Amino acid sequence: MDRGGVPIAGADVAVVGGSIAGCATALAAHRAGAGRITVYERTTGRLADRGVGLAMHNARYAELAAAGYLDAAMPWVQLTTRRWYVRDGAAPLGRQVGVLPFPFRSYCWGPLWRELHRRLPAGTAFRSGVSVRAVSDTADGATLHLDGGNNGAGSGAGTERFDLVIGADGYRSVVRDAAFPDVRPSYAGYLAWRGAVPAERLTELDLPGLPTDPWAEEDCIYGVFDGGHVIIYRIPDGRGGHRANWVLYTAPPAGLDLALDTPTSLPPGTLTEALHTHLAHVTGELLAPYWGALLRLTPPQEVFIQPMYDFTAPRYTAGRLLLAGDAATVARPHTGAGAVKALQDAAALEAALRAAPERPDALDAYGTERGVTGRTMVELGRRLGRFLVQETPDWRTLDQAGLDAAWAAADGSGAFGGRELKN
């Protein structure tokens, strides 16, 4: 079978984006028999040094390990339980609203990326510092229009032609723009503040009345308040220790114009004084004392912000252009499935590319099926966003039964942690 007249076996494949989704889809193309594979990553920094966390449902891990995209050698922490706390006067931890199961593994983004990058075949060209500004798709090939960069392999400027182009270039994807120019991310109206703290620093949090063991290693904490919540869990630090990873969701201060209609992020060191003041208010007044103090251990210059956006492409294929990861779908992180979906996309793409010689519809089936999954996760993210941020219940009145009912209503389809990977 071929795609537009070009055999899949031995094809020249470009992967735009070199993060987790990019490395995984490059690996998928290699395993499926592609020839030359070139990965374009616009940043020049060390991706392996990124220290933010992610969590992966145990069942999704098992599927991805069986597919060859994860294994137990990658550092991880086993989580089992979500404990929900609401502020209750001066009680250090607040009042525990309830407990829900949380069968997830946590990872650090950098070591996970490093392991996927290590698995790329020796012949893969990984070109960092080269930006793809546009992609054009024609009957005889897809062309990348490059802005430049230099990683020892020339300036990178000009154009380069490929048989297939995989867009793994995130929510500002130029490949998606070429495939579906009318698809635009929509700002959800609130932000995710992110940071991490070396686990050894937790001993600095010596509050009156604090239990001896305030936070078990297997616990994922949900600190809830009117208009938002924080999630805190331990992740590997890549050096044999742990970090306390946290993500705080709430709307920005009223009247603050952050120009968020165009997809963007606020990297470490770029937050305004108004944003830092708002973060101090949330950690000091809305969260229970221990959890708020934990967040304040992160130096202000290390805190960064990810505005929440929603979008999904109607399908993941268009001519010679294929989409994966956030380039195809961005669902809010409440779903617990961002990295899972990116790796599932890669596994499904590998299966489709392998099947293509016998099944002319295999790639189209990949595009349609993953598109359905993407829409499911976007809708789940919106429901959880309403429950956890935009239309929060009165947490002070909730007990275990109330929490069980509220979560069941918000999760609805049971897709939290990601849908089962179809073979």
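Residues numbered from 1 in each chain as written. Predicted model: local features only at pLDDT ≥ 70, side-chain atom pairs only at ≥ 80, totals over all residues. Heavy atoms only, no water.

1. Examining the side chain of T298
One can find T298 in the loop between helix 6 (289–296) and strand 17 (304–312). Its relative accessible area of 4% is what places T298 among the buried residues. At a separation of 2.9 Å, a polar atom in the side chain of T298 contacts the side chain of W246. For T298, the residues in contact, after removing those within four places along its chain, are G195, A196, V197, W246 and V303. (Helix = DSSP H or I, 4+ residues; strand = E, 2+ residues; numbered from the N terminus. Buried < 20%, exposed > 50% of the residue type's maximum accessible area, 1.4 Å probe, protein only. Polar contact = N/O pair within 3.5 Å; in protein donor to acceptor, adjacent residues only side chain to side chain. Contact = heavy atoms within 4.5 Å.)

2. Comments concerning the UniProt feature "domain: FAD-binding" (unreviewed entry) in the chain
The UniProt entry lists residues 299–378 under the feature "domain: FAD-binding" (unreviewed entry), expressed in the numbering used here. Secondary structure within residues 299–378 divides into 44% helix and 20% strand; the distance between the first and last C-alpha atoms comes to 32 Å. (UniProt positions renumbered as here; feature names shortened; annotations may be inferred.)

3. Re empty space enclosed by the protein
If you walk through the whole model with that rule in mind, you get one cavity of 30 Å³ or more. Its boundaries defined by the atoms lining it, the largest cavity holds a volume of some 50 Å³. If you trace the largest cavity, you find it lined by I8, V13, A29, A32, G33, A34, L164, I166, L322 and L353. Of the residues that constitute the lining of the largest cavity, the class distribution is nine nonpolar, one polar and no charged. (1 Å grid on protein atoms, 1.4 Å probe; cavity = no way out; pocket = protein on both sides within 12 Å on 5 of 7 lines; lining within 4 Å. Points joined across faces, edges and corners; volume = space filled by probe spheres on them. Nonpolar A, V, L, I, M, F, W, Y, C, P; charged D, E, K, R; others polar.)

4. Description of the nonpolar core
The biggest cluster of nonpolar side chains holds 113 residues, and the ones touching the most others in it are M56, W84, L144, V165 and W395. The dominant element in this core, judged by the number of residues it contributes, is helix 7 (residues 338–355), at eleven residues. Both of domain 1 (12–54 + 111–185 + 310–388) and domain 2 (66–108 + 186–307) provide at least three residues apiece to this core. Among all residues touching M56, those that are not within four sequence positions of it are Y61, L64, L70, P103, F104, R105, Y107, V340 and L343. Core analysis: the second largest hydrophobic core is formed by 34 residues, L93, I221, W246 and V282 among them. (Core = buried A, V, L, I, M, F, W, Y, C linked by side-chain atoms within 4.5 Å. Domains from an automatic or database assignment.)

5. Points about the pairing of strand 6 (residues 77–86)
Taking burial as the measure, the ten residues of strand 6 include seven buried ones, the bulk of the element. Where strand 6 and strand 14 (residues 219–225) come together, six bridges link them in parallel fashion. By the bridge assignment, R83 is partnered in strand 14 with I221. (Pairing = 2+ DSSP bridges.)

6. As for helix 9 (residues 400–411)
In an α-helix, one turn spans 3.6 residues; hence positions three or four apart end up facing the same way. When the terminal C-alpha atoms of helix 9 are compared, their 16 Å separation across twelve residues agrees well with the 16 Å that a helix rising 1.5 Å per residue should span. For helix 9, the full list of buried residues reads L403, W407, A410 and D411. Along the axis of helix 9, the buried residues cluster in a sector spanning 90°; they form a single face. Exposed side chains of helix 9 directed beyond 90 degrees from the buried face belong to A401 and A409. Buried residues along helix 9 sit against strand 6, strand 7 (95–108) and helix 8 (362–390). Sitting at the amino-terminal end of helix 9 is D399, which places a side-chain oxygen 3.3 Å from the backbone nitrogen of A401. Taken from the residues just after helix 9, G412 is the one with a positive phi, measuring 60°. (Expected span 1.5 Å × (residues − 1). Arc of directions from axis to C-beta.)

7. A short note on the pattern of salt bridges
Working definition: two side chains of opposite charge can pair if their charged atoms are close together. Summed over all chains, the structure comprises 23 salt bridges. Of the charged contacts, one joins D177 and R184 as a salt bridge, the two residues approaching to 3.3 Å between their closest N and O atoms. In this structure D177 comes out as partly exposed when scored by relative accessible area, which is 30%. Its relative accessible area of 52% is what places R184 among the exposed residues. Where D237 meets R239, a salt bridge forms, and the shortest distance between an N and an O atom there is 3.8 Å. (Salt bridge = Lys/Arg side-chain N within 4 Å of Asp/Glu carboxyl O.)

8. A short note on the domain arrangement of the chain
Looking at the chain, the domain boundaries give domain 1 (12–54 + 111–185 + 310–388) and domain 2 (66–108 + 186–307). Computed from C-alpha coordinates alone, the two centres of domain 1 and domain 2 are separated by 28 Å. Domain 1 puts 30 residues into the contact, and the matching count from domain 2 is 32 residues. Counting each side, the surface lost to burial between domain 1 and domain 2 is near 2500 Å², with a carbon and sulfur contribution of 57%. In terms of surface lost to domain 2, no three residues of domain 1 exceed V52, L54 and L388, which account for 22% of the buried area on that side. Here domain 1 is connected to domain 2 by one salt bridge. The interface formed by domain 1 and domain 2 includes 15 residue pairs in polar contact (both at pLDDT 80 or more). Of all the elements in the fold, those that place two or more residues in the side of domain 1 that touches domain 2 are helix 1 (20–31), strand 5 (53–57), helix 3 (109–118), helix 7 and helix 8. For the side of domain 1 that touches domain 2, the per-class residue count stands at 16 nonpolar, five polar and nine charged. (Buried area = accessible area lost by both parts, 1.4 Å probe.)

9. What about the sheet that holds strand 17?
The sheet built from nine strands is open, its strands ordered 5-7-6-14-15-16-13-17-20 with mixed pairing. Each edge of the open sheet carries a strand with a single partner, namely strand 5 and strand 20 (329–330). Sitting on the sheet, helix 2 (residues 58–66) is in contact with strand 5, strand 6 and strand 7, with an inclination near 85° to strand 5. (Axes fitted to C-alpha atoms, helices over the stretch in contact; angles between N-to-C directions.)

10. Considering the side chain of T25
Its location among the elements puts T25 in helix 1. With relative accessibility at 0%, the residue T25 sits in the buried group. A distance of 3.2 Å separates a polar atom in the side chain of T25 from the backbone oxygen of G22. Excluding its chain neighbours within four sequence positions, the residues that come into contact with T25 are V15, I166, A168, A324, A346 and L349.

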